[in-house]
Amino acid sequence: MVLVLLTGLTTSAAHAGTGVVPASTSWTSADRGWVLGLDTLCQTANCPQLVRTTDGGTTWTRVRTPALTVPGAGRLRVVFASDTTGMVTDGEQLFVTNDGGTRWTSSGVKGTVGALGFDNAAFLAVIHDGTASRLYQRELWSGSWQPVPGVEVKGAASGSIAAGHVSLSVPFQENRYWTRGLVSWREEVPPCTAESATRLGTAGGDRYALCSFDPGFGNMTKELRKATPGGPFETIGVPPREGITTGFAVSAGTALVAAAGRDLSFMHRGSAGKWDTPLTLGGPAFEDLAFADEQHATLVRGGPGQEFAQVLRSADGGLTWKPVGV
């Protein structure tokens with residue numbers, strides 16, 4: 001385990017370039033990324049603002065931002081699948097664009113917005129309406145949001161969405177799992193138990209799940225599982241127990257697990273069957289952990305109003321991390 005304690009990389013003050021304090025980030029390649037946060041240059045308090053880069057963060061451009069509000073609980077989030085196709089949410093409102101942010105369309109669906117994602121032809125979102133949590137979809141280029149028949153659970157479930165599969169679970173009550181077929185979603189045996197928090201990933205056509213359970217004293221047991229062809233998920237790795245899971249990302253040959261506990265945040269890394277912890281920072285949790293390609297990964301550390309608010313990026317599969325100025 002490599003311990004790196006860096007508690008003074010930056011504060012929540014915005015960088016001079018944009019005046020935006022990062023809350024969420026999404027990258028579609030090593031050079032092309034988006035950051036949603038709060039605009040310190042706004043005349044009115046708490047103005048959400050979206051910015052984008054096409055050169056790895058050297059320069060940023062402000063993008064038209066829909067009328068989001070600052071959530072009292074949860075946080076602002078942005079997810080893009082390409083240069084043109086993306087979503088932003090404040091946890092209650094959900095907006096989508098298919099022209100890079102020139103125009104935004106509201107989902108019109110009332111409820112609490114959970115997991116966000118995409119498949120080859122549609123936007124995907126988990127929304128809880130006060131009674132049940134359902135997977136909704138909308139065609140990328142037009143149409144309205146519609147619930148996916150049968151993909152739902154009773155109660156509040158944030159869910160997890162990755163390419164080709166989705167999980168909905170209410171802790172200690174119900175855990176259901178579906179895969180995407182050619183024309184519809186098909187329910188299968190879930191990779192994790194109802195006592196586990198499920199996070200999904202896809203790499204090279206393979207389906208993965210991180211099952212996290214048995215929390216205590218800022219730690220929890222974590223198991224990395226992989227779907228076998230035509231069969232169930234099997235455990236292929238056990239990340240370190242340190243921290244409560246806050247993120248999961250997988251690429252060909254590498255898995256990353258973000259976790260937080262006891263005022264520390266951990267980045268666990270698994271490769272070739274071995275696990276270590278190349279990054280440990282004091283302060284707020286890591287969020288939005290994702291791979292843009294096999295080597296480049298990004299995350300947000302903290303956010304507006306917290307001790308730190310910064311984007312971190314790795315160019316070597318999660319071995320080392322550097323701040324990205326916004």
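Residues numbered from 1 in each chain as written. Predicted model: local features only at pLDDT ≥ 70, side-chain atom pairs only at ≥ 80, totals over all residues. Heavy atoms only, no water.

Caption draft 1: Geometry of the sheet that holds strand E12 (residues 146-154). Judged by pairing direction, the sheet is antiparallel, and its 4 strands sit side by side in the order E9-E10-E11-E12 without closing on themselves. Of all the strands in the sheet, the pair left with one neighbour each is strand E9 (112-118) and E12. Strand-to-strand twist of the sheet, defined as the mean angle between neighbouring strand axes without regard to direction, takes the value 20°. With 5 bridges connecting them, strand E11 (residues 132-139) and E12 associate as antiparallel partners. When the bridges of E12 are listed, Ser133 appears paired with Val153. (Pairing = 2+ DSSP bridges. Helix = DSSP H or I, 4+ residues; strand = E, 2+ residues; numbered from the N terminus. Axes fitted to C-alpha atoms, helices over the stretch in contact; angles between N-to-C directions.)

Caption draft 2: Up close: the state of the cysteines. Scanning all chains against the criterion turns up 2 disulfides. Sulfur-sulfur distance for the disulfide between Cys42 and Cys47 comes to 1.9 Å. Taking the sign of the S-S torsion, -40° for the link of Cys42 and Cys47, the bridge is left-handed. Classification of Cys42 by relative accessible area gives partly exposed; the value is 23%. For Cys47, a relative accessible area of 15% puts it in the buried group. (Disulfide = S-S within 2.5 Å. Buried < 20%, exposed > 50% of the residue type's maximum accessible area, 1.4 Å probe, protein only.)

Caption draft 3: The side chain of Asn98, seen in detail. Summarising the element assignment, Asn98 is placed in the loop between strand E7 (94-97) and strand E8 (105-106). Among the polar contacts made by the side chain of Asn98, one reaches the main-chain carbonyl oxygen of Leu140 at a distance of 3.0 Å. Beyond its immediate stretch of four places on either side in the chain, Asn98 contacts Thr84, Thr85, Arg138, Leu140 and Trp141. (Polar contact = N/O pair within 3.5 Å; in protein donor to acceptor, adjacent residues only side chain to side chain. Contact = heavy atoms within 4.5 Å.)

Caption draft 4: Structural view of the pairing of strand E14 (residues 165-170). Of all 6 residues that make up E14, 6 are buried, and the element is covered over most of its length. Alternating residues of E14 divide into His165, Ser167 and Ser169 and Val166, Leu168 and Val170, and every residue in both groups is buried. Pairing geometry for strand E13 (residues 160-162) and E14, over 3 bridges, is antiparallel. In the sheet register, Ser160 faces E14, and the bridge partner there is Ser167. Hairpin connection from E13 to E14: 2 residues lie between these consecutive antiparallel strands, with Gly164 at a positive phi of about 90°.

Caption draft 5: Inspection of the sheet that holds strand E22 (residues 254-261) at higher detail. As summarised here, the arrangement of the 4 strands in space is E21-E22-E23-E24, forming an open sheet in which the pairing is antiparallel. Taken across any chain shown, the strands that pair with only one partner, and hence form the sheet edges, are strand E21 (244-251) and strand E24 (274-282). The average undirected angle you get between the axes of adjacent strands in this sheet is 20°. In terms of strand pairing, E22 meets strand E23 (residues 264-271) through 8 bridges, oriented antiparallel. Looking across to E23, one finds that Thr254 is bridged to Ser271.

Caption draft 6: Highlighting the pairing of E11. As judged from the 7 bridges shared by strand E10 (residues 122-128) and E11, these two strands associate in the antiparallel manner. Bridge pairing in E11 places Ile127 opposite Arg134. The antiparallel hairpin formed by E10 and E11 contains 3 residues in its connecting segment, where Gly130 sits at a positive phi of about 100°. Counting the residues between successive antiparallel strands, the hairpin from E11 to E12 contains 6 residues, one of them, Gly143, with a positive phi of roughly 100°.

Caption draft 7: Representation of the pattern of salt bridges. All chains considered together, the criterion is met by 14 salt bridges. Here Asp83 ties to Arg52 by a salt bridge, and the two come within 3.7 Å at their closest N and O atoms. Of this pair, Asp83 sits in the loop between strand E5 (77-80) and strand E6 (86-89) while Arg52 sits in strand E3 (residues 48-53), and the two are 31 residues apart along the sequence. Residue Arg52 is classed as buried on the basis of its relative accessible area of 18%. (Salt bridge = Lys/Arg side-chain N within 4 Å of Asp/Glu carboxyl O.)

Caption draft 8: Focus on the nonpolar core. Ranked by internal contacts, the top residues of the largest apolar core, which has 14 residues, are Leu135, Val151, Ile161, Val166 and Trp185. Broken down by secondary-structure element, the contributors of at least two residues to this core are E10, E12 and E14. Beyond its immediate sequence surroundings of up to four residues, Ile161 is in contact with Ala115, Leu116, Gly117, Leu124, Ala125, Val126, Leu135 and Val166. (Core = buried A, V, L, I, M, F, W, Y, C linked by side-chain atoms within 4.5 Å.)

Caption draft 9: Expanded view of the layout of surface pockets. Put simply, the second largest pocket is a space of about 160 Å³. Leu224, Ile236, Gly253, Ala255 and Gly270 are, among the 15 residues lining the second largest pocket, the residues nearest its centre. Looking at the lining of the second largest pocket, the elements with two or more residues in it are strand E20 (233-237), E21, E22, E23 and E24. (1 Å grid on protein atoms, 1.4 Å probe; cavity = no way out; pocket = protein on both sides within 12 Å on 5 of 7 lines; lining within 4 Å. Points joined across faces, edges and corners; volume = space filled by probe spheres on them.)

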